[in-house]
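Structural description and commentary
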Amino acid sequence: MSVSISDQLIAVLPRMRRFARGLTGSAVEADDLVQAACERALTRAHQFQEGTRFDSWMFRIVQTVWIDQLRARDTRREEAEEEGVHLGTDEPGRRVEARLALEEVRNALQDLPLEQRAALMLVTVDGLSYKEAAEIAEVPVGTIMSRLARARVALQAKLDAGRGLRRSTENVKADG
Amino acid sequence: MSKPTDERLIAYLDGELEDGERAEIAHWLEQDPELRDRAAALSESAAQLRAAFDEVLREPVPERLMAAAHGPAAAGATVVDLAAAREQRARPRTREHRWWVAPAAAAAIAGLIVGIGISKSLLPEQPTVTGNTSGTGEPSANFVQNIPGYYLHYATAASSEGTSFDKLPQNFRVPDLKPWGLEYRGARFVMVEGHEAMQLFYRTDNKALGPVMVMVGDAPGIDERPRFKHVDDGDVNVWSWRSHGHTYAVAGTANMGYLWNIQNDLAYQFDGI
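Residues numbered from 1 in each chain as written. Chains lettered and ligands numbered in written order. Predicted model: local features only at pLDDT ≥ 70, side-chain atom pairs only at ≥ 80, totals over all residues. Heavy atoms only, no water.

Of the regular secondary structure elements, chain B holds nine helices and seven strands. Within the span of chain B, comprising 273 residues, buried residues form 47% of the whole. For chain B, the computed accessible surface area is about 12,900 Å², with 52% contributed by carbon and sulfur atoms. (Helix = DSSP H or I, 4+ residues; strand = E, 2+ residues; numbered from the N terminus. Buried < 20%, exposed > 50% of the residue type's maximum accessible area, 1.4 Å probe, protein only. Areas by Shrake-Rupley, 256 points an atom, 1.4 Å probe, with all protein chains shown as cover.)

Rendered as structure tokens:
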């Protein structure tokens with residue numbers, strides 16, 4: 001028995017939200033993007049080829065819709081509306097540090113070009129193969145490989161720089 | 001073979017190389033401490049990246065996305081208009097959540113209830129029980145249909161430590177379900193039928209009962225008496241009702257009678273709130 005497209009959409013919603021979060025850098029915009037992608041998928045359900053991966057098809061739609069939106073409108077982030085992590089003052093110190101570290105990683109990702117962010121989210125975060133990511137991005141496997149390498153190296157450099165800055169600050173505080 | 005480039009090293013770490021090249025890079029890693037450090041650093045940053053986004057998977061999927069996935073053709077589905085939603089988000093939070101503030105009228109009703117205790121006389125004599133059906137035609141049908149999905153995806157996750165929740169408005173009083181062995185864990189905001197709603201998560205050490213999820217939303221319209229729904233997939237039971245302009249539901253894997261008692265208690269407490 002074939003599964004309805006709505007059921008498949010619901011099953012893949014959490015991963016779509018994660019992918020969209022990586023592309024947009026905003027929880028609100030990510031959900032708007034996923035909603036738009038769902039609507040597009042339902043209107044173009046006839047284009048989905050049975051026997052192919054539904055999640056890959058949806059990732060491609062999410063990315064396409066996002067690129068369309070970037071082209072069509074001002075991409076200024078609605079930072080004031082950002083529904084990010086709430087850092088409660090009573091949160092234990094180690095958890096706050098861990099959250100800040102993760103926030104730093106997310107911020108570093110947003111500094112990368114869109115195509116590199118997409119490659120990282122698909123392969124490194126979602127665990128797709130290079131071939132699957134290449135099909136979603138509609139580029140050769142070699143292109144995905146080089147995008148990933150540039151992205152991983154750049155991300156590594158940004159995180160190293162952040163750690164170095166923190167160490168310097170801590171040393172200054174300790175010396176003072 | 002010359003020393004592997006970052007691109008080949010990353011492809012190796014991602015398991016994307018053929019056997020021959022993989023063996024060559026493994027050999028390099030054995031011989032070259034600097035390359036090993038580089039590989040370790042790249043692996044660590046990849047793990048951090050995964051961790052930074054994995055929490056999204058544990059978040060409740062907003063109601064509007066569930067509705068969007070069902071499509072406009074689904075019975076009773078409410079797909080939020082994006083432009084309207086953005087406009088709504090731009091408004092101050094205090095306006096959106098003003099219904100959480102106990103109004104004078106509700107306080108008056110609560111005054112009448114105090115002293116009666118948890119009484120079935122406050123509720124219909126015979127609750128309506130429906131089977132595992134969809135599209136009942138009732139105003140809350142779509143709302144109820146989505147609840148088992150929410151419950152299965154998030155109530156269990158919410159029982160574990162480390163789950164993040166939304167901040168409740170200061171004036172919102174969380175229903176106390178401790179008499180039922182349920183400990184309040186936290187809340188998440190979602191969209192129900194185009195209105196902001198709240199999921200409240202409770203956990204229990206009694207695995208036979210499992211966690212319980214309570215949903216509360218704004219729902220202008222007529223009151224509805226409690227309705228029961230059982231969903232075979234995941235064995236989730238749901239009681240839902242509407243009262244005084246709000247829609248409520250309680251869901252869990254506990255049996256119908258146990259949840260009915262909790263529903264009674266919630267109806268009493270929410271009317272008081």
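The rest of the description comes next.
Counting secondary structure elements, chain A contains seven helices and zero strands. From first element to last, N terminus to C terminus, chain A shows the α and β order α-α-α-α-α-α-α. Taken over 176 residues, chain A has a buried fraction of 48%. For chain A, long-range pairs separated by at least 24 residues make up 66% of all intrachain contacts whose partners lie at least 6 apart in sequence. About 8,800 Å² of surface is accessible on chain A, with carbon and sulfur atoms providing 51% of the total. (Contact = heavy atoms within 4.5 Å.)

Taken as a whole, helix α1 (residues 6–13) of chain B has its buried residues at B:Leu9, B:Ile10 and B:Ala11. Where α1(B) ends, the next residue or the one after it, B:Gly15, has phi of about 70 degrees, a positive value.

A separate point is the packing of helix α2 (residues 27–43) of chain A against helix α3 (residues 54–72) of chain A. Residue and element names in this part refer to chain A. Between α2 and α3, whose axes approach to 9 Å, the crossing angle comes to 115 degrees. The hand of the α2/α3 crossing is right-handed. In contact with Glu 29, Leu 33, Ala 36, Ala 37, Cys 38, Arg 40 and Ala 41 of α2, α3 contributes Trp 57, Met 58, Ile 61, Val 62, Thr 64, Val 65, Trp 66, Asp 68 and Gln 69. Looking at the contact of α2 with α3, its residues break down into eleven nonpolar, two polar and three charged. (Axes fitted to C-alpha atoms, helices over the stretch in contact; angles between N-to-C directions. Left-handed = near helix turned anticlockwise from the far one by under 90°. Nonpolar A, V, L, I, M, F, W, Y, C, P; charged D, E, K, R; others polar.)

Turning next to the pairing of strand β5 (residues 224–231) of chain B. All names here are of chain B. In terms of burial, β5 is a largely internal element, six of the eight residues being buried. Pairing analysis gives six bridges linking β5 to strand β6 (residues 236–243), with the strands arranged antiparallel. For Arg 227, the partnering residue across the bridge sits in β6 and is Ser 240. (Pairing = 2+ DSSP bridges.)

All names here are of chain A. Interaxial distance between α3 and helix α6 (residues 130–137) falls to 8 Å at its minimum, and their mutual angle equals 45 degrees. Overall, the two elements α3 and α6 adopt an arrangement that is oblique. Crossing hand, α3 versus α6: right-handed. Contact with α3, carried on its side by Ser 56, Phe 59, Arg 60 and Gln 63, involves Glu 135, Ile 136 and Ala 137 of α6 and no other residues of that element. Within the contact of α3 with α6, the residues separate by chemical class into three nonpolar, two polar and two charged. (Parallel < 35°, antiparallel > 145°, perpendicular 65-115°, else oblique.)

Facing 49 residues of chain B, the contacting portion of chain A comprises 46 residues. A buried area of about 4,400 Å², summed over both sides, lies between chain B and chain A, and 60% of it is on carbon and sulfur atoms. Along the contact surface separating chain B from chain A lie six salt bridges. A:Arg21 is the partner of B:Glu59 in a salt bridge, and the nearest nitrogen-oxygen pair spans 2.7 Å. For the pair chain B and chain A, the number of links is 15 residue pairs in polar contact (both at pLDDT 80 or more). At the level of elements, α1, α3 (33–58), α4 (63–70) and α5 (82–90) of chain B are the ones that each hand at least two residues to the side of chain B that touches chain A. Looking at the side of chain B that touches chain A, the element that brings in the most residues is α3(B), giving 17 residues. Its residues placed into classes, the side of chain B that touches chain A shows 25 nonpolar, seven polar and 17 charged. (Buried area = accessible area lost by both parts, 1.4 Å probe. Salt bridge = Lys/Arg side-chain N within 4 Å of Asp/Glu carboxyl O. Polar contact = N/O pair within 3.5 Å; in protein donor to acceptor, adjacent residues only side chain to side chain.)

A word on the pattern of salt bridges. Residues and elements named next belong to chain A. Applying the stated criterion across every chain yields a total of 23 salt bridges over all chains. Between Glu 103 and Arg 106 there is a salt bridge whose closest N-O contact spans 2.9 Å. Here the residue Glu 103 and the residue Arg 106 both occupy positions in helix α4 (residues 93–110), the gap between them amounting to three residues, near one helical turn. By relative accessible area, Glu 103 is classed as partly exposed at 31%.

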